[in-house]
Amino acid sequence: MRNFLIFFLCCSAKFTLAQQTDPLQQKAITLKRFMDKNHYQPLVWNDSSSERLYNKWIKWLDGEKLIFTQPDIALQEPFKNKLDDELNGGNWQFFKISAGLYRRRLLKVDSLIKNVLSKPLDFSANETLQFPFAGFAVNEAELQQRWKKYCKWQVLRSIADDNDSVNVSAADFIVAEKKAVALQKTREEKYIKRLLGDTPAEFETEWQDNYLNSIAWCYDPHSSYMNLGKKDEFETEMSASEYSIGFEIEENDKSEAVISFLQPGGSAWRSGQLHKGDILVAVKIGTAFKNITDISDDEMEEALGGTARAETEIKIRTVAGETKIVKLAKEKISNEEDVVKSYVLQGTANIGYIDLPGFYSRETGEAKAKGPNYDGCANDVSKEIVKLKKDSIAGLILDLRYNGGGSIWEAMQLAGIFIDIGPVASMKDRDGNVQFLKDPNRGTIYDGPLMVLINGASASASEFVAAVLQDYNRAVIVGGTTYGKGTAQTIKPMDTTIHPNKKYEDFVKVTGEKFYRVNGSTTQWKGVEPDIALPDMYGNEAYKERSAASALQPDISKKGVYKPFAALPVAELNGKSIQRVRGNTFFKAINNYADLTVQYQEGRTVALTWAAYLAQYKASKALFKSLDEENLPLPGHLAVRNNSFDKERISLSGGYSREVNDAYLKNVSADPVISEARNIMLDWTGKK
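1. Let's talk about the overall build of the protein
Tallying secondary structure elements over the protein gives 22 helices and 22 strands in all. The 688 residues of the protein split such that 50% are buried. In the protein, 77% of the contacts between residues at least 6 apart in sequence involve partners at least 24 apart. Split by element, the accessible area of the protein, about 32000 Å² in all, is 51% carbon and sulfur.

2. Some thoughts on the packing of aromatic side chains
Each aromatic ring pair is summarised here by two numbers: the centre-to-centre distance and the angle between the ring planes. Summed over the entire model, instances satisfying the criterion amount to 27 aromatic pairs. Ring centres 5.7 Å apart and planes at 85° place the aromatic pair Phe123 and Phe173 in the edge-to-face group. With Phe123 in the loop between α6 (94–117) and β1 (128–131) and Phe173 in helix α8 (residues 170–196), the pair connects residues that are 50 residues apart, well separated along the chain. Since its relative accessible area comes to 10%, Phe123 is described here as buried. Plain terms: the ring middles of Tyr402 and Tyr538 are 5.7 Å apart, the flat faces sit at 90° to each other, and that makes the pair edge-to-face. One end of the pair, Tyr402, is in the loop between β13 (395–399) and α15 (408–416); the other, Tyr538, is in the loop between β20 (532–533) and α17 (570–582), and 136 residues separate them in sequence. Looking at Tyr402, the relative accessible area reads 29%, which means it is partly exposed.

3. Considerations on the side chain of His222
With respect to the secondary-structure elements, His222 resides in the loop between α9 (200–217) and β2 (224–227). Of note is the side chain of His222, whose polar atom sits 2.6 Å from the side chain of Glu545. If we skip the residues at most four places from it in the chain, His222 touches Tyr483, Lys485, Thr487, Gln489, Lys509, Thr511 and Glu545.

4. Description of the sheet that holds β13
Across the sheet, which stays open at both edges, the 7 strands sit in the order β20-β17-β16-β13-β12-β11-β22 with mixed pairing between neighbours. One side of each edge strand has no neighbouring strand; the edge strands of this open sheet are β20 and β22 (639–642). Note that strand β12 (residues 351–355) and β13 share 5 bridges and pair parallel. Bridge assignment links Tyr353 to a residue of β13, and that residue is Ile397. Lying over the sheet, helix α14 (residues 377–389) contacts β11 (341–346), β12 and β13, oriented at roughly 160° with respect to β12. Together, β16 (450–454) and β17 (476–479) form the strand contacts of helix α16 (residues 461–471), whose direction differs from that of β16 by roughly 140°.

5. A look at the environment of Ile419
The residue Ile419 is located in the loop between α15 and β14 (423–429) in this model. Taking C-alpha positions, Ile419 is 8.6 Å from Ile445, a pair spaced 26 residues apart along the chain. Apart from residues lying up to four places away in sequence, Ile419 is in contact with Val424, Asp439, Gly443, Thr444, Val468, Tyr472, Arg474 and Phe565.

6. Considerations on the confidence of the model for the protein
Per-residue pLDDT for the protein has a mean of 87; in total, 88% of the residues score no lower than 70. When the criterion is pLDDT under 50, residues 1–19 qualifies, and its contacts beyond four places in sequence or with other chains add up to 1 contact. Overall, residues 236–242 carries pLDDT values under 50, and its contacts beyond four positions in sequence, including any with other chains, amount to 17 contacts.

7. Remarks on the pattern of salt bridges
Counted according to the given criterion, the structure contains 24 salt bridges. We note a salt bridge from Arg105 to Glu140, for which the minimum N-O separation is 2.5 Å. Here the residue Arg105 occupies a position in helix α6, and Glu140 occupies one in helix α7 (residues 140–162), the gap between them amounting to 35 residues. Overall, the relative accessible area of 31% leaves Glu140 in the partly exposed class. Of the charged contacts, one joins Glu541 and Arg546 as a salt bridge, the two residues approaching to 2.5 Å between their closest N and O atoms.

8. Thoughts on α14
End to end, α14 covers 18 Å across 13 residues, agreeing with the expected 18 Å (1.5 Å per residue, within 8%). Among the residues of α14, Cys377, Ala378, Asp380, Val381, Ser382, Glu384, Ile385, Lys387 and Leu388 are the ones counted as buried. Buried-residue contacts for α14 involve β11, β12, β13, α15 and α20 (644–652).

Calculation notes
- Residues numbered from 1 in each chain as written.
- Predicted model: local features only at pLDDT ≥ 70, side-chain atom pairs only at ≥ 80, totals over all residues.
- Heavy atoms only, no water.
- Helix = DSSP H or I, 4+ residues; strand = E, 2+ residues; numbered from the N terminus.
- Buried < 20%, exposed > 50% of the residue type's maximum accessible area, 1.4 Å probe, protein only.
- Contact = heavy atoms within 4.5 Å.
- Areas by Shrake-Rupley, 256 points an atom, 1.4 Å probe, with all protein chains shown as cover.
- Phe/Tyr/Trp six-rings, centres within 6.5 Å; stacked < 30°, edge-to-face > 60°.
- Polar contact = N/O pair within 3.5 Å; in protein donor to acceptor, adjacent residues only side chain to side chain.
- Pairing = 2+ DSSP bridges.
- Axes fitted to C-alpha atoms, helices over the stretch in contact; angles between N-to-C directions.
- pLDDT = per-residue confidence, 0-100.
- Salt bridge = Lys/Arg side-chain N within 4 Å of Asp/Glu carboxyl O.
- Expected span 1.5 Å × (residues − 1).

Next up, the structure:
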């Protein structure tokens, strides 16, 4: 009886302890166990990984150092090396303390911003702002001064952005200032409100999810936690039954509207002017642009989508920092025919040109019924090559710049249309098992000279294709070193043992495999280095995978058995290209921009008087003007036309279709990178 009593008391104590475990801690421990079981390279949780989680979390909360003060950080600092203990079942304290402190700080900062913007901002004082901030504010007084200077900067930037001439008179400046201050007040109010949520419970849920996301990020930048709603959003593409200008947006941590997805074949896709990561600044409502912070959800839906065809003008800020206006048409995308377009670069010889902004598959029920070879971008590229061959092209340029990836199956197929037979890559799982991926189809579509254009924004599947063709000596790779993502992710229920009939509410996008080149090396972390390098606006290290502290390191795998083609005359072609690029105005401007971005990351001094700020703004605008293809000397422009097959069809079309085609031809003809690519191709083929 006594032994039974002891057993009962012990079980009761364990049951009580289990009841007292924090629900978030339970989820966090489950997530850790899931990741340890499923991730390609499980993380060893110790003081070092604890510090990684702590740093990521603090950066997530206050990356710009405008919320916390040094005393706030001092309250959280003792947990820096203890978070691994919490994930192993220790006393769960950090999230409660940190999230509670963060909510109080947001409320405090909300009042602080309102106080700053309720009084006239003095633009006569000879002040400057050092940005980004090197550390957290010492106290409340310094934080208030920091916000005052930050708001002055944003107001000046808004005035400059809204006035094309930027030569604003003293009287006009007063009017512009009032408008810009009101805009800044609205922007910051919406920012704080979004962070706080509508209720304390909503705030708690949102930031619990963010904390779980931080834990997943510690394993690698592409692993993430997602609740059921986020999972559905991730897997749901834009509706093809409604009219749309062809892109999706999502908020970043600064409450900015970021372009997150381009609809294949949509208006934004075909324009060639928008890319993933661009920030939507304003939309033209009626006859005037309206800042994104002032647009209601209904106005946004009407402007970007809806059920009627119309044209929309938007103002965006590119990843590079340039502000520009783009005109797009809302279209009904009922199918994805003619997503890929091909063009002919004319001259002493015809050179084919195909732009592929992303990899896609048509995963319709009808397509899937045909088996795994359902039509996608690889099939569409094949069709365009067939058209181009009728124009007797001497070479082909495949443009994968800004291509953020997509379907790896399509990448395999695309690489396969240029090689006859053999492996295209290998895939290694967490247990070290290596599986070689082979060209799924025998034969080739095109055997002539081939060039692939890449840059720092080319990632994942686009890197896959570039690497295959480089290793086989099948193509000359031209441009900038790619992003460096060589991993594959799957979405699974967050459970260590999957129960088929269980309804899950928590999911994880987890990195389970790594891709390797046929030569045994990897694109992970390193990217694909071009055979012929051109100055690249996205060449900065800050844009690359390796800039993330949790990025998986490169290693070596098994080399595939493959037969590369004869070596290409890369050295000779590179030497001639260097001579041309050295004296090119556009490429000089790219190098200047690259130098400027490095300076900005290290810290810049922002002038806070109108005259001084205007001088800085004009200098920046002049730099972007030098990057604008329309301002380049006429010799840099190419003669470009549609392929002969499409030319007749387009000549019979009218309205917006003709406008889009003409605009795209203009963009291609004025692109210095395409111009240099053509020159390299002519050097290669001897057709100059």
